[in-house]
Structures are given as C-alpha cells and as structure tokens.
Amino acid sequence: LLGLLVGALDAVLDSNARVAPFRILLQVPGSQVYSAIACGATLEEINKHWEWLEQNLLHTLPVFDNKEDIASFVNGKVKGLIAEETRSRLVEQEEDPEKFREALVKFETRFTFPDSEKLITYYSCCCWKARVPRQGWLYLSINHLCFYSFLLGKEVKLIIPWVDVTKLDRTSYVMTDTIRVTTRSKERDFSMFLNIDEAFRIMEQLADVTVRRLLDNENFEQDPALQEPTQITKRDLETRAQNEFFRAYFRLSWKEKLHEVMECSLWTPFIRCHTAGRMYTSNGYICFASKEEGCCNIIIPLREVFTIEKMEDTSLLPNPLIISIRSKMAFQFIELKDRDNLMENLIKRLKCVKRNKALIHDSLRNDNSIPSTFYSSLYDDDVFTCNEMEDSLNNDNQSRRENRHTLNAEALMAVFHQTGADNSDTRMKKEAFQTVFWWSYKFKSGWQLCQAPMVVFFFPQPLRGHYFVLNIDAITDLVLHPDYYANLVEESMGVCCMATEEIERDLHRSLPEHPAFQSETGIAALRRVLTAYAYRNPKIGYCQSMNILTSVLLLYAKEEEAFWLLVAVCERMLPDYFNRRVIGAQVDQSVFEELIVERLPELAEHITDLSTLASISLSWFLTLFLSIMPFESAVNVVDCFFYDGIKAIFQLGLAVLDANATSLCNSKDDGQALMILSRFLDHVKNQESPLPRIGNQHAFFADDQEPAPVTEIVDLMRDAYEKFGDLTVEQIERMRCRHRIRVLQSHEDTTKHNVLRVVAPDVSFDSEDLGELYDLFKKEHFVSCYWGMSSPVAQRHDPSKPYIEQYRIDRQQFVNLYNLVSPWVCGLHTDVLAQRTFRLIDENADLLIDFKEFAACLDVMYYGELNEKIKLLYRLHIPPALTENEWDNHSPLKTPLLSTARPLVIGKSNGDSVDYKKQLKQMLKDLAKEKEERPEKELPKMSQQREFIQFCKTLYSIFHEDPEENELYQAIATVTTLLLQIGEVGQKLRSLGSGSEEFSNEELASEASMSDQDSVFTDTERSSRRGSETLPLPESDWAVSFEHILASLLTEQSLVNFFEKPMDIKTKIENAKAQQYNLK
C-alpha cells in the first residue's frame, strides 16, 4: 500500500504546476488580499528569487508615496516579467531544456509510438470522468493527444488521434475553465492548466494541421510544412498561425512568408499624426496595420520601394525609418525597437527583388481616361517605370499588343455604357463630380487610406476597375507575367474537357439582362477568361458562380485584368471556395452560424436549426450577393468586398438577418424564411446609381403578395458597419480554423456513409460491425501516414476520387489488419497467408486494395458457406496467390499422419464403420450435377509439388490451439490421405490415356469403384503391389481439383463443424482497436 501511495504521489507531485512549498507573497497591511510574487520547490530556489527582488526591485519602492501604489507597481512588474517569460518559452523549448527531455523520455516510455512520433509540448492538467477529476499529464504530439495518470495504483492511458477530433471548445465544467475535446464517440474534458489559453491554441493548431495534412489534399500539396510533419515544433505552430493571419489580413498570396512583426507608428497625412500599429514584412511586401481595426492599413510591394533610409533619432521621432517609393511618396515609421536589424534585412530583400530583373509594365499609363496625377496619388500599390527602362518597355509593349490582338483592350462597361432612363443627365453629372472628388481625395491621402463608407457612398463607376486591380494588388501579377494570359488563352482555346462544357452551358446565364453579354464580344471575353483559368488551375477548373463574378469583373476591368482579379479572388480572397467540395464556403457557413448565435441571439433562439439559414446564405458568399440582389446594388457589395475582404460579406449577411429578424422569428417553415429573405434582397435598391435597373433573375415571390419595402443599399451597408463593424479578421480566422475541422470531418462522415451504402448489400456484416471495420481500415491507412510506414505505392487520401477509392491500403497494411481481424490466424504462418490473400484480391495488380475488396474477403471468412470458404482457401494456394518463389521444405506430407498406406474404412467406437468410398462417389456426382446447373469458370487444378503441400500446411496451422485440435488433425490426416490416393488414380488414368485426355470427377469415381481397382480405397497392400507393377509416373502429373478437395472435406463431420461454426467478429474488432497502436 505504501508503494502505491508513493507512486501516486510521485505522479501528482512531479510538476511545477502544484502549489510550491516556498512562496513570496505581497500583502498591503490591513488588506485580506495577497499576491504571489515568486515560488520555489526548494529553499535555495526561493532564496535566489528573494536576492533578485532585493537587487532589482526593492530599492525602487521608496519613491512611492503610499502602499497601494507600491502594490500596484510590484504587481505590474511581476506580470510583465511573466509575459516576457511566456514569450521566450518557445525559444527555450527549441533549445531542448532538461525538463523537456525528461518529459520526452516519459512520453516514449508510457506510450508505444515509434520514435518518429514527435512530442510538441506537454501540460499538467486534470482529465474529468463524470464529475471526478484525474490528475495527470497531457502530451501533445504531432499526431495524437495523449493523457497519462497514475493514482493509487491505477494507471490510465488515453490516446486520441487528432484526425478523430471533430470539435474543440472552451467551456466551463464543474465551476472550472475546461477544454472539451469531442470525437465521434466521446467527449473528454481537460482542466486545471497553468496556461489554458496557450494549451487551447496549440491544440487548435495541431488539430488543424493534422486534419489538413490527412484529409485536405488541396492544402497538402501547396503547403510544404504539411509534407514534413516531423519537422514541426511548438514555435513553428506559432509562426504558422502568424503567417496565416498575415496573408488573410492583407489578402496576399500563400507564397508570402512573414519575416518580422514589429510595434511601430506610421505618419498618416490625412489626420496629420502618427498612428500606432504593427509593421509586417515578408518576401515581397512591407505592410502596416493600425491597432484600431480598419483605421489604417498599408501594403507596399518591395518592387515599388526606391530607398530605405534611417533618420536622425530625436525625442519626438524615436528610431525613425523612411521608406520611399517610385511615386515620389515616402512613409515615415517611428518607434522601431530593432531598427538597424530590420533595415539590414529589408535592404537584402530589396536587392534580391531588383536582381530578379522582372520587367515592369505599367498597364494603366496608356489609359488616357486617367489623369497624370493619378500615378503620383496611388499611395502604395501602383506601378512606375524607370527612365532607363523606357526603351525596353516600349518594345515589350509593342510585342505584347501583337500577341493580344484577340483580347479586349478595355472594360466592357466602356463599350456598352448603360444609364438609367430617368434623370440620366443628373446622374451622369453626379458621377463626374464623384470622379473628380476621388482624384482629389486620392491625391491628398492615398489610394488605400480611405474608409469603407466612402467606398459605398461615393465610389464612381469609371474608377471601379482600377480600384479592384489596385486594392488587392492584382497589378503585381499582371506586370510580373506580361504574356502569361495571352499565352494561356492560345493554349486553352479549343481544348475540350468537362470544365469547358460546363462553361459553355453557363455563358448565356451570366448577367443576361446586360447588353454586354447579349453580344458576342462580351460572351467571347467571358469564355476566354473562364477557360484560361480552368486551364491554369485544373484542380478548381470551373465552378458555378464563377461566371457571375467574372462577368462583373469584365464590365469594369480590362480582360487581362479581369483574369488576374479572378485569380486573386479564387486563390487568395476566397480560398477553397471554388474547388470540387467548396470546403471554404462550407467553413464560412459554419462560421456564419456561430456569428448568428453570438450577434443575433433572439433569432438563434427561435430558429433552432441554423443550418437552414446557412444553406440560404451559401449563394450570398459564393456570388457576393450578385445573384440575389439587383445589380446596381450588388456592385456596391463587391466594392466593399475588395476593400474589406470576406469580413464585409459576414457583416452584410448579419445585417440582412437583423433587418428581417422579426419576420424570420414569425416564419412557420424553411420555405417561408427563404421567401422573406428573397423578397427583402430583391428590393435592396441604389437610387443614386447611374446604372439601369437590372433585377435579380433568381428572385421569386408570389404574385399576390405586396412588394417588400424598398431598402437603400447605403442604409443597409451603414447598418452592417455600425452594428457589426467590430468583427475582426483575427476573429474570423480563429473561427475558420475551428470550423474547418468540423466541416472536413463532416465530409469524412459522408464518405463513410456512401462507402458503407455501396458495400453493405454485398456482405453479411451488420451495419455496426461494417462501420467498425471501415474505421479500422481507415485508421490503418492513417497509421502509415503518421510514421511513413507505407510502401512507395501507397497513396494519400484524395477526396477527388470516387468514395470507394479514397482510402486504399498496401500489402503491409493489409497484413497488419489481417492479423487483427481475420478468423484464420495461423501463428507464424499468418503473415504468409495474409500476403497470399492480398495478392488474390488485388485483381488489378496495382498493389493496393480498397475497403470493398477487404470487406468481401472477410465476409467469406466469417459468413460464407462451407464451399465458399473452402474455395477461398483453395484459391489461396494456386497462382496468382501462390507465387513461384514460395516453397517450404518442411512439408506436412512427410509426417506419419499423411500417408497413402492408411486404410479408408475406419471403425468407430460403437462398432460401425464409415465407407468413405461411397460418400466420395456420391458427393462427386452431386458436385458435377450442381456444376452443370450453375456453370462457372473452372478453377485450375492443384499440383502435389507446391500447391497441395502448402494447402495442407495452412489447414494444420489453422487448427492449431482449437479445442478440437486432435480430432481435427485426425480428420485432416484422413482427408489428405484420400486426396493423395485420388491424385494417384488420376495420374494413372492420365498415363493410360497418354497424358492427353482429361478425366472428369465422375470417371475418377467410377474408376475408384471398380472391384479390382477398388483396392486403392480398401487394401493398401494390393495398391502398393499394383503401383510397383506400373512404370513410375512423373510427380508433375499428380493433381486434384477443387471438387475433389471439397468432397473429401465433406466426409469429415469435424471439419464441416469447424468451417461452419459461427465466428465472433465483435470480439476481434474490440481487440483490434486496443492492439492497432501496439507498434513496439
């Protein structure tokens, strides 16, 4: 008992998370509240803390007037030190300190993972079972969440693969902050963390990384970090999260890698003061984001940077840095802590950009509709050419114009300019005024230093295309790939595939009311852009709703610009929206549901199934409201989308639901809710737009209903920004990370459902057992992915394939599963039999099998008829299952049990005897008759040299450790002797027929029944004499057929009972679950 107690205390107290025996407390006299300043496990440790306090803190306290100020100062100082320690902890872990090494040793000892299962971090915590907590250690590795506890002699081990996690939540359980890990079968609660925020963040990132790596093929191929999971560390996870936020916030390419993040302030001329924020630097950009969300965001491409220089450090301008761009504008950053190192790194990257010698082409300079002041007013994104490059650029422009003769040189809106029928002069004058206003505003404050309401309220039509191109930096792709689109058009046009067929079907459904797409000019441009993109990105190809978005882009931007805008939207701004499974759109729908619960609780309380609203809103996100809102209003939504990204769509969606909350709460069914939202959106107008009224072609409502009140798009967008403008990109990205897990797991459930639906009719397993087998099959695939144990032919999970082919296993994986779930376990011979089984069911010889083939094989073993089981065993011992290389000198035929000298009339204990000759003759006749009634492809005969010997060995191995082992051995010895003699009879008959005639089963039976030759079955001595009188026959002529073997086995009731007895698959499955991870 003392040993158990010591072991339990060792497991509990082996942590710095417990209350230390020595502490330094701060308490103001007269107060009942005290604060912990330091703690230590030993007296020496706490003395070191006290010495540090004496040297660094205590001598500063006399300057304070009262004790409350002293307590506040000390608490603030200690919190600052803790925060600094937390930030440096990642670096310390990478240096592999002693504590981490000790934890790693314990992790490897307690869990049976291979060495390649890398431990990321560990925490002391409690795991709750019902309302009882168990104190222990939580280990977070690259593929698994593991928990270990040892209390009062009871050891608890818990292993949860990240790929099985369906949900991660922060919740409250038994009055404590808890992390809840949900799988398909259970929920686990963990609490009592020292730093629960960090633990939850790391768990979220690990689950997201693993799910993307194993379930999301598209992300796997474009993210190198996912392809080397063993290189991931805790610090890498933090860096990865920062990179994803950086790319999402500034809507940059996934190739951009974040290098530095620094606190600083930027001089903003439009408010004439410095704005506090952060500077982000990457391979090709210098970005700035104000601390106040949306106040000031700057994106400076390095290709536009002219110089980077330091200014003199002053009290008003500490550590200033000036970045000048080609437009003769400059950015002033101050309060940069590590300015010198930052400047050195930026200059290195700037030199690298210049060394690339990418030809810069100003696609806007030849546009006469834009005044020359436009170029100096673009604050961060425009393109400028150097004087020394003018000649080369002019020549390049000329060659490009020759190559682009088939492309539209201007936006379709300029060719098919529309105005409304009423007050067209007034509206045109207002549009001209707005254009002049924007040039003036941009000249003073820069292109991107604008507020979202101005984008909605004042944006002029002629500048919309330039705004699109510049605001998401599509201009960079345009100028760095001067002939890319023209060449892509030449290569893709005329290529016929499924994507081009779908494009052709949808061409005339794209804004059909607009005259631009009632002419061949607009249709041809739309065809070229969509076909070129499908050719560029075949994994996306073409997805419905891309045609509507591209139509709008072509109206306001040149054809080549529209192509690069489409690239930016599909690959940066709306990632994973337009692939085959539209994962990105589904993730955002799930995020939208959570936002409805948080921001519109009354509506969420009334509509319990929010998936209905999510399904209705799917088209809002896919088409940016273009398909469900009048065109003149929807283009304003697109303006905000290019300004604020997907955040604008979330805000507008919430505003639409908020405006209709009362009606939706009173709705009786989903159809009525759909009607309410459709009628509302169809009556969102833009009275100030110069465009004519183009209704929503997809809108519908009953003719007898009164039209809904008109809502101005300006008012709707104002409500969206005022009520829901506090929604941040960081919040959206955190929610996306969380909900991506749930969406991908939902797809996995769909895959499983469809696979089981296909397989179930062909097997006899009940649905529960079949589902468990599928999970084991899938887990075996993942186990090989975890530690690289699969063969070179093993393939990753590919969701683009048919459901049944998404998960396939190779030979070694099949052998592992066979050992776990097969009823035919043969000791050391099991692996050999498993490999033969694999070769047999791998009919296409690609060295991979799917679940349908695996389940069909197991179904025969567990629920097949006797003849089906014997046929499977027979086929496992003839080619192709049995290869030429397999030969075992330890033949069972050399044992005394297998001999042609054994009599085949055996007496029973009660004095009766069994005449096997008569039984065999009748069974052969029955089999021949059944074969005539159901003709099947005849199986090859089995020879004595290889096949029959191996067949006998397998039978002996299968019977080992069976309760009826002795009786089965006796029976198989008798049957084997009978088959040997049948083979000899056939051998002699073939010899008499000059080896050219094949004899049927019935002829062999007749031969065996003749009085003189019947001695083969009754008199072994005469059989031996007759055999000695004939010429010796080659052993290769000896053969028996499947019918001979089946008939012979049927003569022994013990063998029949063995193959017909029911097998317990449930016990096998439960044992397999426990043993699948026993890898050491």
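Please read these numbers as outputs of a predicted model, since none were measured by experiment. Within any chain, residue numbers begin from 1 and follow the written order of that chain's sequence. Local features in this predicted model are restricted to residues whose pLDDT is 70 or higher, and side-chain atom pairs enter the listing and the counts only when it is 80 or higher, whereas totals over whole chains, interfaces and linings include all residues. Note that water and hydrogens are dropped before the side-chain values are worked out from all heavy atoms of the structure.

Caption draft 1: Summary view of the overall build of the protein. Secondary structure elements follow DSSP: runs of H or I no shorter than four residues count as helices, runs of E no shorter than two count as strands, and numbering proceeds from the N terminus. In terms of helices and strands, the protein carries 44 helices and 24 strands. Partly exposed residues are those whose accessible area sits between 20% and 50% of the maximum for their type, while under 20% is buried and over 50% is exposed, using a 1.4 Å probe and protein chains only. By residue count, 53% of the 1080 residues in the protein fall in the buried class. In the protein, once contacts between residues fewer than 6 apart in sequence are set aside, the share between residues at least 24 apart is 67%. With an accessible surface of roughly 50,700 Å², the protein has 52% of that area assigned to carbon and sulfur atoms. Any two residues whose heavy atoms approach within 4.5 Å at even a single point are treated as in contact. Using a 1.4 Å probe, accessible areas were evaluated by the Shrake-Rupley method; residue-level cover was limited to the displayed protein chains.

Caption draft 2: Broad picture of the sheet that holds strand 9 (residues 187–191). Strand pairing is assigned whenever DSSP detects at least two bridges linking the two strands. The strand order 6-5-4-3-9-8-7 describes an open sheet built from seven strands, whose pairing is antiparallel. Two strands bound the open sheet, and with one partner strand each, they are strand 6 (154–161) and strand 7 (165–173). Adjacent strand axes in the sheet meet at a mean angle of 30° when their direction is disregarded. The pairing of strand 5 (residues 144–151) with strand 6 spans eight bridges and is antiparallel. The partner of Cys-146 across the bridge, within strand 6, is Ile-159. Axes, fitted as lines to C-alpha atoms, cover a helix only where it is in contact. Angles between the N-to-C directions of the axes lie from 0 to 180 degrees. Helix 4 (residues 98–110) rests against strand 3 (119–129), strand 4 (132–141), strand 5 and strand 6 of the sheet, and its axis sits at about 65° to strand 3. Here helix 5 (residues 196–215) sits on the sheet in contact with strand 3, strand 4, strand 5, strand 7 and strand 8 (176–183), set at roughly 165° to strand 7.

Caption draft 3: Highlighting the packing of aromatic side chains. When two rings of Phe, Tyr or Trp (its six-membered ring) have centres within 6.5 Å they constitute a pair, described as stacked for plane angles under 30 degrees, edge-to-face for angles over 60, and tilted for the intermediate range. Here the structure, examined in full by the defined rule, presents 46 aromatic pairs. A centroid spacing of 5.6 Å and a plane angle of 65° characterise the contact between Phe-250 and Tyr-280, whose relative ring orientation is edge-to-face. Of this pair, Phe-250 sits in helix 8 (residues 234–250) while Tyr-280 is found in strand 11 (residues 273–282), placing the two residues 30 residues apart along the sequence. Phe-250 sits in the buried class, given a relative accessible area of 3%.

Caption draft 4: How the structure looks around the pairing of strand 5. A large share of strand 5 lies buried, amounting to six of its eight residues. As paired elements, strand 4 and strand 5 share four bridges and run antiparallel to each other. Directly across from Tyr-139, in strand 5, lies its bridge partner Cys-146. Counted between consecutive antiparallel strands, the loop separating strand 4 from strand 5 contains two residues. Counted between consecutive antiparallel strands, the loop separating strand 5 from strand 6 contains two residues, among which Leu-152 sits at a positive phi close to 50°.

Caption draft 5: Spotlight on the packing of helix 38 (residues 965–992) against helix 42 (residues 1042–1049). It is at 9 Å that the axes of helix 38 and helix 42 come closest, and there the two elements cross at 145°. The two elements helix 38 and helix 42 meet at a crossing, and its hand is right-handed. Residues Ile-972, Val-975, Leu-978, Leu-979 and Ile-982 of helix 38 form the contact with helix 42, whose participating residues are His-1044, Ile-1045, Ser-1048 and Leu-1049. Following the grouping adopted for this structure description, the nonpolar residues are Ala, Val, Leu, Ile, Met, Phe, Trp, Tyr, Cys and Pro, the charged ones are Asp, Glu, Lys and Arg, and the polar ones are all others, Gly among them. Looking at the contact of helix 38 with helix 42 residue by residue, the class counts come to seven nonpolar, two polar and no charged. By convention the crossing between two helices is left-handed if the near helix lies anticlockwise of the far one by an angle smaller than a right angle, and right-handed if it lies clockwise.

Caption draft 6: View of the packing of helix 5 against helix 31 (residues 767–787). Direction vectors running N to C along helix 5 and helix 31 enclose 110°, while the axes themselves pass 11 Å from each other. Considered as vectors, helix 5 and helix 31 are oriented roughly perpendicular to each other. In this structure, helix 5 crosses over helix 31, and the sense of that crossing is right-handed. Contact with helix 5, carried on its side by Arg-213, Leu-214 and Leu-215, involves Phe-782, Cys-785 and Tyr-786 of helix 31 and no other residues of that element. Residues belonging to the contact of helix 5 with helix 31 are distributed by class as follows: five nonpolar, no polar and one charged. When describing relative orientation, an angle under 35 degrees is termed roughly parallel and one over 145 degrees roughly antiparallel, while 65 to 115 degrees is termed roughly perpendicular and anything else oblique.

Caption draft 7: Representation of unusual backbone geometry. Cis rather than trans, the peptide bond between Pro-879 and Pro-880 has omega equal to 10°. With respect to the element layout, Pro-880 can be found in the loop between helix 35 (866–875) and strand 21 (905–907). In this structure, Asn-319 takes a positive phi of about 50° despite not being glycine. Within the secondary structure layout, Asn-319 lies in the loop between strand 14 (305–310) and strand 15 (321–325). Residue classification places Asn-319 among the partly exposed positions, given a relative accessible area of 23%.

Caption draft 8: Molecular detail of the UniProt feature "domain: EF-hand" (unreviewed entry) in the protein. This chain's UniProt record puts "domain: EF-hand" (unreviewed entry) on residues 829–864. Between the end C-alpha atoms of residues 829–864 the distance is 22 Å, and the span holds 69% helix and 6% strand. UniProt positions are given in the numbering used here, feature names are shortened, and annotations may be inferred rather than shown by experiment.

Caption draft 9: Representation of the side chain of Asn-636. Looking at the secondary structure, you find Asn-636 in helix 25 (residues 631–644). Owing to a relative accessible area of 4%, Asn-636 belongs among the buried residues under this scheme. At a separation of 2.7 Å, a polar atom in the side chain of Asn-636 contacts the side chain of Asn-686. Two N or O atoms form a polar contact when they lie within 3.5 Å of each other; inside protein one atom must be a possible hydrogen donor and the other a possible acceptor, and for residues adjacent in sequence the pair counts only when both atoms belong to side chains.

Caption draft 10: Fine view of the nonpolar core. We define a nonpolar core as any set of buried Ala, Val, Leu, Ile, Met, Phe, Trp, Tyr and Cys residues linked to one another through side-chain atoms lying within 4.5 Å. In this structure, Trp-620, Phe-642 and Phe-851 are the most contacted members of the largest nonpolar core, which totals 235 residues. The biggest single contributor to this core is helix 5, with 11 residues. Those residues in contact with Trp-620, other than ones at most four positions away along the chain, are Phe-592, Phe-625, Ile-628, Ile-649, Gly-653, Val-656, Leu-657, Leu-677 and Leu-681. Residues Cys-264, Met-279, Leu-302 and Leu-350 belong to the second largest nonpolar core, which totals 22 residues.

Caption draft 11: Just the pattern of salt bridges, in detail. Any Lys or Arg side-chain nitrogen found within 4 Å of a carboxyl oxygen on Asp or Glu counts as a salt bridge. Scanning the model with the defined rule gives 44 salt bridges in all. The partner of Arg-303 in a salt bridge is Glu-304, and the shortest N-O contact between them spans 2.7 Å. When sorted by exposure, Arg-303 lands in the same class as Glu-304, which is buried. Residue Asp-340 is joined to Arg-339 by a salt bridge in which the shortest nitrogen-to-oxygen separation is 4.0 Å.

Caption draft 12: Representation of helix 24 (residues 611–623) within the structure. Given a helix with a known number of residues, its expected span is that number minus one, times 1.5 Å. Look at helix 24: 19 Å from first C-alpha to last across 13 residues, which is about the 18 Å you get at 1.5 Å a residue. The reported bend at a residue is simply the angle between two axes, fitted to the 7 residues ending at it and to the 7 residues beginning with it. At Ser-617, helix 24 shows its maximal kink, close to 35°. All of the buried residues along helix 24 are Thr-612, Leu-613, Ala-614, Ile-616, Ser-617, Trp-620, Phe-621, Leu-622 and Thr-623. Against the buried residues of helix 24 lie helix 20 (546–556), helix 22 (583–599), helix 23 (601–606), helix 26 (646–659) and helix 28 (670–682). Residue Leu-624 follows helix 24 closely and has a positive phi angle near 55°.

Caption draft 13: Molecular detail of the sheet that holds strand 14. On the basis of which strands lie adjacent, the open sheet formed by seven strands has the order 13-12-11-10-16-15-14 and antiparallel pairing. In this open sheet, the two edge strands, each paired with only one partner strand, are strand 13 (297–301) and strand 14. Mean inter-strand twist for the sheet, computed between neighbouring axes without regard to direction, equals 30°. Packed on one face of the sheet, helix 8 meets strand 10 (258–268), strand 11, strand 12 (285–290) and strand 13 and runs near 85° to strand 12. Its contacts with the sheet put helix 9 (residues 339–355) on strand 10, strand 11, strand 12, strand 14 and strand 15, and the angle it makes with strand 14 is roughly 160°.

Caption draft 14: Representation of the environment of Asn-243 within the structure. Relative to the helices and strands, Asn-243 is located in helix 8. Among the residues examined, Asn-243 registers a relative accessible area of 7% and is labelled buried. Placed 14 residues apart in sequence, Asn-243 and Lys-257 show a C-alpha to C-alpha distance of 6.5 Å.

Caption draft 15: The arrangement of the side chain of Glu-748 in detail. Its place among the elements puts Glu-748 in helix 30 (residues 729–759). With residues near it in sequence (within four places) discarded, Glu-748 still touches Arg-184, Leu-215, Lys-778, His-797 and Tyr-807.

Caption draft 16: The arrangement of helix 28 in detail. Its 13 residues place the ends of helix 28 18 Å apart at the C-alpha level, agreeing with the 18 Å of an ideal helix rising 1.5 Å per residue. All of the buried residues in helix 28 are Ala-673, Ile-676, Leu-677, Ser-678, Arg-679, Phe-680, Leu-681 and Asp-682. Considering only its buried residues, helix 28 is in contact with helix 24, helix 26, helix 27 (661–666), strand 17 (684–685), strand 18 (711–712) and helix 29 (713–724). Where helix 28 begins, one side-chain oxygen reaches toward the backbone nitrogen of Gly-671, 3.2 Å away; that side chain belongs to Asp-669.

Caption draft 17: A look at the confidence of the model for the protein. pLDDT expresses how confident the predictor is about each individual residue, on a scale running from 0 to 100. For the protein, per-residue confidence averages 79 on the pLDDT scale, and 75% of positions sit at 70 or higher. Here residues 443–452 scores under 50 on pLDDT; set against residues more than four positions off or in separate chains, the count is 41 contacts. In this model residues 1008–1035 is a low-confidence stretch, pLDDT under 50, and it forms 35 contacts with partners more than four residues away in sequence or in other chains.

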